[in-house]
Amino acid sequence: MNRTTLSLIAGATALAAVTGFASLNAPAASGDNTAKAATQQPVERTSLLCPQPSTSEIAETAYTSYTPVTQGAADSGKAELQAAAVESADSASGKKTGKKTVKPALKPAEPGKPATGDGSGAEPPALVGTAEGKFAPGWTVQETTAVAAGTGRGLLGTNCTAPDTEFWFPGVSTATGRTDYVHLTNPDDSAAVVDVELYGKDGTLKSTVGEGITVQPHASEPILLSTLASGQQTDLTVHVTVRSGRVGAAVQALDDKIGGDWLAAATDPAGSLVMPGIPKDATAVRLVAFAPGDQDADLKVRLASPSGLITPAGNETLHVKAGMTAAADLGDVTRGEAGSLVLTSTGTSAPVVAALQVVRGKGSKQEMAFIPATSPVGARATVADNSSKGTTLALSAPGQSAQVKVTASAGSEGGTAVTKTYTIKGGTTQDVDAPVPAGLKGTYALTVEPVSGGPVYASRTLASAQEGVPGFTIQTLPDDRGTVAVPEADQDLSVLLKK
């Protein structure tokens, strides 16, 4: 095999490890396919974007970074989380002089140990992060903000997300008392061009304001959704598509009466969806769904409770018209027990996107959070910024029973990692007694790894009461994409170069 062929194979393997896309082996010259099965290799580079946490002067924001230990990962590497770069102007000439130098907002610790940072202060910026080598596989960053008073007061949390080109957000609103923003963050050296579309109960909300929004390099742009369309609607779905470049996207929903939180993007449209981890003391649950195709969707609504799948009385099904947003009030559907909402198609397999708005508390002491439909844990998922009190881990196996391993990392300021294994019966959701690091000091991460059985869905709830208000935030745990399938290439590809 000549040097050119070796370079092609090495380059293809490296590309797969960095981008998450597997390369294909070429067929042999004889026509026989001798490609070996793909192997899972740790990714070599990961990017994460954190939206601007708050503009409130009394907001307090904490960041927690964590990379789980991954077998086969590189021995070295680096990671950094910086404020989104801004353009500085010369005060005399008014000419831009280039990117302003910013210090890292947080420097991640070694794999297996969380690192924390403070984002409090006057209008903290959005953050752009990159991890390479040993820091990259499964890297997660949690942004948690406490706002004591005002619109959107309460506990707001989100997992910083990887850049992408399409996002769905069912559950936003432009109703009286709601102030919702979609935050767009561009990690790259060139501008991104983005379209933001809104869909209500009657279909598309026509507007040209959301077309061709430019997000400057290494910058973040918050878009007030009420400026994109006239009128007020309680239930909307936002569709973010990127014409050029890529962005991170998240919705910040702020309410005058029931607090605020981040709404993460829902998983891709599908005929069956799971929204895991509704708090057992939820006083109000609202389901919002949207059918993006040209077919109506008829959905069976069930709750995966600790004892099995049950159908909520009065909300057995939901009809979603094509191109329109539908909603259903499920009330206190969990009735004091852990639960996950499961949607399945009853007729056509028309795909939908969906999310839940969840409320805890009563009267003036209410607080809200969101649970978007999410993908299964897959091989592994991690969530950071847990504490010995106020953390609830929900595990759901809507199909077959599953065995799950949960690891509590070392603490950010001390402590020893601990692992427990749980069995989740098929069709149920369990709020498990999650492990806590021995001798814990600071915060820690929880890593969930299915061992056997059917697909597992998971979420983590952080709760922190302030002046009688039950502040809380919920993050789902989809697969961390810490590894990628890389086919083994053991054949001579020089035949391709001769064609």
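Because the structure is a prediction, the values reported are computed rather than measured.

### Overview of the layout of surface pockets
Approximately 1600 Å³ is the volume found for the largest pocket. Lining the largest pocket are 49 residues; nearest its centre among them are T161, A162, P163, D164 and R481. Per element, the largest residue contribution to the lining of the largest pocket is four residues, and it comes from strand β2 (residues 45-50). When the residues that make up the lining of the largest pocket are grouped by side-chain class, the tally is 23 nonpolar, 18 polar and eight charged.

### A word on the sheet that holds strand β11 (residues 154-159)
Overall, antiparallel pairing links the four strands, which are arranged β8-β3-β10-β11 in an open sheet. Two strands in the sheet have a free side with no partner beyond their single neighbour: β8 (115-118) and β11. Direction aside, neighbouring strands of the sheet carry axes that sit 20 degrees apart on average. Here strand β3 (residues 60-66) runs beside β8; their pairing, made up of four bridges, is antiparallel. Of the residues in β8, the one forming a bridge with S65 is A115.

### Re the side chain of S459
Secondary-structure assignment places S459 in strand β38 (residues 457-466). When near neighbours in sequence (up to four residues on either side) are disregarded, S459 contacts P276, G277, T392, L393, A394, I474, Q475, T476 and L477.

### Things to note about the packing of aromatic side chains
Inspection of every chain in the model, using the stated rule, returns three aromatic pairs. Feature note: the residues W168, Y199 and F290 constitute an aromatic cluster, connected by ring pairs. Across the ring face of F472, the terminal group of R360 is positioned such that the distance to the ring centre comes to 5.0 Å.

### Examining the sheet that holds strand β31 (residues 391-397)
On the basis of which strands lie adjacent, the open sheet formed by four strands has the order β35-β31-β38-β39 and antiparallel pairing. The open sheet terminates on both sides in strands that have one partner only, identified here as β35 (428-432) and β39 (469-476). Adjacent strand axes in the sheet meet at a mean angle of 25 degrees, parallel and antiparallel pairs treated alike.

### Overview of the state of the cysteines
If you walk through the whole model with that rule in mind, you get one disulfide. Covalent S-S linkage joins C50 and C160, the inter-sulfur distance amounting to 2.0 Å. Handedness of the C50-C160 disulfide follows from its S-S torsion of about 110 degrees: it is right-handed. Of this pair, C50 sits in strand β2 while C160 sits in the loop between β11 and β12 (166-172), and the two are 110 residues apart along the sequence. Both residues of the pair, C50 and C160, count as buried.

Conventions and cut-offs
- Residues numbered from 1 in each chain as written.
- Predicted model: local features only at pLDDT ≥ 70, side-chain atom pairs only at ≥ 80, totals over all residues.
- Heavy atoms only, no water.
- 1 Å grid on protein atoms, 1.4 Å probe; cavity = no way out; pocket = protein on both sides within 12 Å on 5 of 7 lines; lining within 4 Å.
- Points joined across faces, edges and corners; volume = space filled by probe spheres on them.
- Helix = DSSP H or I, 4+ residues; strand = E, 2+ residues; numbered from the N terminus.
- Nonpolar A, V, L, I, M, F, W, Y, C, P; charged D, E, K, R; others polar.
- Pairing = 2+ DSSP bridges.
- Axes fitted to C-alpha atoms, helices over the stretch in contact; angles between N-to-C directions.
- Contact = heavy atoms within 4.5 Å.
- Phe/Tyr/Trp six-rings, centres within 6.5 Å; stacked < 30°, edge-to-face > 60°.
- Lys NZ or Arg CZ within 6 Å of the ring centre and 35° of its normal.
- Disulfide = S-S within 2.5 Å.
- Buried < 20%, exposed > 50% of the residue type's maximum accessible area, 1.4 Å probe, protein only.

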